[in-house]
Amino acid sequence: PTQGIMSEKKRVFRRFFYRGYEVEKLLDLTNEEFIALLHSRARRRFSRFGVKKKLVDKIKNAIKRSEPGKKPEIIKTHLRNMIVVPTMVGGLLGVYNGKGYILVEVKPDMIGHYLGEFALTYNPVKHGRPGAGTGPVSRFLPT
């Protein structure tokens, strides 16, 4: 009997597609071709203000300078309204939420979204037991 012999399965990662293009293909597109793929709100923003080249270049340089297998340095930004473009994928950003910087690792799924979507400005409410002064017992406490 064959005991303990297991076929080694290679892990297959899900390939990411944005509007029918893989990330590598998105990197080959010009800015105009990529902007044509975006939704109308993003197209309007890019047509008015363009790509924030300074931030994108900082991220690109940080990714280049990092050693293979290591994470790049964190780039802090207040630009919550920046739309994630393919050249930013793999970068580490500190996105300001009004109080501090929230660490955001840019992944392919984030392409076309705003940076502010990944750095919440509030703590979500955790509904639990009611606090003091909310139950019927609290009405009869002597003051």
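Definitions and cut-offs
- Residues numbered from 1 in each chain as written.
- Predicted model: local features only at pLDDT ≥ 70, side-chain atom pairs only at ≥ 80, totals over all residues.
- Heavy atoms only, no water.
- Salt bridge = Lys/Arg side-chain N within 4 Å of Asp/Glu carboxyl O.
- Buried < 20%, exposed > 50% of the residue type's maximum accessible area, 1.4 Å probe, protein only.
- Helix = DSSP H or I, 4+ residues; strand = E, 2+ residues; numbered from the N terminus.
- Pairing = 2+ DSSP bridges.
- Axes fitted to C-alpha atoms, helices over the stretch in contact; angles between N-to-C directions.
- Contact = heavy atoms within 4.5 Å.
- Core = buried A, V, L, I, M, F, W, Y, C linked by side-chain atoms within 4.5 Å.

Caption draft 1: Up close: the pattern of salt bridges. Summed over all chains, the structure comprises four salt bridges. R15 is paired through a salt bridge with E22; the nearest N and O atoms lie 3.6 Å apart. Taking relative accessible area as the criterion, R15 reaches 54% and is therefore assigned exposed. Taking relative accessible area as the criterion, E22 reaches 24% and is therefore assigned partly exposed. Linking D57 and K53 is a salt bridge whose minimum nitrogen-to-oxygen distance equals 3.7 Å. Taken together, the residues span about one helical turn, with D57 and K53 both in helix α4 (residues 53-65) at a distance of four residues.

Caption draft 2: Expanded view of the sheet that holds strand β5 (residues 101-105). Here three strands make up an open sheet; going across it, the order is β3-β4-β5 and the pairing mixed. Across the chains shown, the open sheet's two edge strands, defined by having one partner strand only, are β3 (74-77) and β5. For this sheet, the mean inter-axis angle between neighbouring strands, taken without regard to orientation, is 30°. Taken together, the four bridges between β3 and strand β4 (residues 92-96) define a ladder with parallel strand orientation. Bridged to I74 within β4 is L92. Contacts from α4 reach β3 and β4, with the element oriented near 165° to β3.

Caption draft 3: Layout of the nonpolar core. Counting residues in each nonpolar core, the largest one holds 28 residues, and the members touching the most others are Y18, F34, L55, M88, L93 and L115. Those elements that place two or more of their residues in this core are α1 (23-28), α2 (31-37), α3 (40-49), α4 and β4. It is α4 that provides the largest number of residues to this core, a total of four residues. Setting aside residues up to four positions removed in sequence, L93 forms contacts with L55, I59, I74, I75, M88, I102, L103, V104, V106 and L115.

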